Amino acid sequence: MTESKQQKETRIQQLVKKLENNNRQLPVILELSANLVEVGDLEQAEDLLTRSLTLFPQNTDLLYNLGNVYFLADQSEKAHEIFTYLIKANYGFEAYFMESKTLNQQGKKSMAIVYALTAVEKAPNDFAANELIADLLMANGNFDDAKNYYIKANGINPTAKAYFNLALCKMNLKERYEQELDQSKKLDSDYYLKNEKKLSDLQQFMKKNRGKND
């Protein structure tokens, strides 16, 4: 069961009290920064992490959380700087994953795909990494490869979004896609209905183009 905003606020207050007693508790700082991000308080999260980096200079977990804060705050240059440093420091696949998202935010689509592929190579069974590369490939018009990554992502953790996008890929490839749409609808009917227009727009576009090609 997911926590309500009020429960998260209570948890934040508890963590703040713990740090008031001793501000050198790294696990508490990391948890508090993550909680602040979850409630959308990016400014407080940034302040906490930058102050904590004076106590734990160049701590990679603190830097990773700070990079996420910058990414969410659309400060992509600062985020890019941190994730580049973490990649050199062998932080792990998460640094490649976030660098890919940051490059995509900057409009550097081809480089974003390169880093997303590396993230998948480093963590082949990570759902988010497989979904990210699929999303990037689909946005780039590479429907065949995107389809394979969506299939893999759904094998790890079936979601309405991944099934819906898999259907869009199959539609573009002129393959049968009804089963995937049914799965998407079954998993999350709200998501399906919200994105149904995308589907009808694509169907109309393909119908129009088919007419031109005849």
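What you see is a predicted model; the values in this text were computed from it and never measured.

(A) A look at the overall build of the protein chain. Across its full length, the protein chain carries twelve helices and zero strands. Across the protein chain, helices and strands are ordered from the amino to the carboxyl terminus as α-α-α-α-α-α-α-α-α-α-α-α. The principal-axis extent of the C-alpha atoms belonging to the protein chain is close to 75 × 40 × 25 Å. Across the 214 residues that make up the protein chain, the buried fraction comes to 42%.

(B) Seen up close, helix 11 (residues 178-187). Those residues of helix 11 that sit buried are Glu180, Leu181 and Ser184. Buried positions in helix 11, seen along its axis, are confined to an arc of 100° and lie on one side of it. Those residues of helix 11 that are exposed and angled more than 90 degrees off the buried face are Gln179 and Lys186.

(C) Inspection of the side chain of asparagine 68 at higher detail. When you line up the elements, asparagine 68 lands in helix 4 (residues 60-72). Judged by its relative accessible area of 18%, asparagine 68 falls in the buried class. Residues contacting asparagine 68, with those up to four places away along its chain left out, are Phe83 and Met98.

(D) Representation of the packing of helix 2 (residues 26-38) against helix 4 within the structure. Between helix 2 and helix 4, whose axes approach to 10 Å, the crossing angle comes to 10°. Comparing their axes, helix 4 and helix 2 come out roughly parallel. Of the residues in helix 4, those in contact with Leu26, Ile29, Leu30, Ser33, Ala34 and Val37 of helix 2 are Asp61, Leu62, Asn65, Val69 and Leu72. Residue classes in the contact of helix 2 with helix 4 are distributed as eight nonpolar, two polar and one charged.

(E) Highlighting the nonpolar core. Counting residues in hydrophobic clusters, the biggest one holds 63 residues, and the most contacted among them are Leu62 and Tyr150. Leaving out residues up to four positions away in the same chain, tyrosine 150 has contacts with Glu131, Ala134, Asp135, Met138, Ala162, Asn165, Leu166 and Cys169.

(F) Representation of helix 4 within the structure. Between its terminal C-alpha atoms helix 4 stretches 18 Å, which fits the 18 Å expected from 13 residues at 1.5 Å a residue. Counting buried residues in helix 4 gives ten out of 13 residues, a clear majority hidden from the surface. Those residues of helix 4 not exposed but buried are Leu62, Leu63, Tyr64, Asn65, Leu66, Gly67, Asn68, Val69, Tyr70 and Phe71. On its buried face, helix 4 is in contact with helix 2, helix 3 (42-55), helix 5 (76-88) and helix 6 (93-105). Of the residues one or two after helix 4, aspartate 74 is the one with positive phi, at around 60°.

(G) A look at unusual backbone geometry. One non-glycine residue, aspartate 74, adopts positive backbone phi at about 60°. Structurally, aspartate 74 can be placed in the loop between helix 4 and helix 5. Of note, asparagine 90 is a non-glycine position whose phi angle comes to about 55°, a positive value. One can find asparagine 90 in the loop between helix 5 and helix 6.

(H) Quick peek at the pattern of salt bridges. Scanning the entire structure with this criterion turns up eight salt bridges. With its nearest N and O atoms 3.2 Å apart, the salt bridge here joins arginine 51 to aspartate 47. Taken together, the residues span about one helical turn, with arginine 51 and aspartate 47 both in helix 3 at a distance of four residues. With a relative accessible area of 49%, arginine 51 lands in the partly exposed category. Each of the salt bridges in this network shares a partner with another, and the network as a whole consists of Glu131, Asp135 and Lys161.

(I) Structural context of the environment of glutamine 204. Of note, glutamine 204 is situated in helix 12 (residues 189-213). Taking relative accessible area as the criterion, glutamine 204 reaches 48% and is therefore assigned partly exposed. Expressed as a C-alpha distance, the spacing of glutamine 204 and isoleucine 133, which sit 71 residues apart in the sequence, is 27 Å.

Criteria and thresholds
- Residues numbered from 1 in each chain as written.
- Predicted model: local features only at pLDDT ≥ 70, side-chain atom pairs only at ≥ 80, totals over all residues.
- Heavy atoms only, no water.
- Helix = DSSP H or I, 4+ residues; strand = E, 2+ residues; numbered from the N terminus.
- Buried < 20%, exposed > 50% of the residue type's maximum accessible area, 1.4 Å probe, protein only.
- Arc of directions from axis to C-beta.
- Contact = heavy atoms within 4.5 Å.
- Axes fitted to C-alpha atoms, helices over the stretch in contact; angles between N-to-C directions.
- Parallel < 35°, antiparallel > 145°, perpendicular 65-115°, else oblique.
- Nonpolar A, V, L, I, M, F, W, Y, C, P; charged D, E, K, R; others polar.
- Core = buried A, V, L, I, M, F, W, Y, C linked by side-chain atoms within 4.5 Å.
- Expected span 1.5 Å × (residues − 1).
- Salt bridge = Lys/Arg side-chain N within 4 Å of Asp/Glu carboxyl O.

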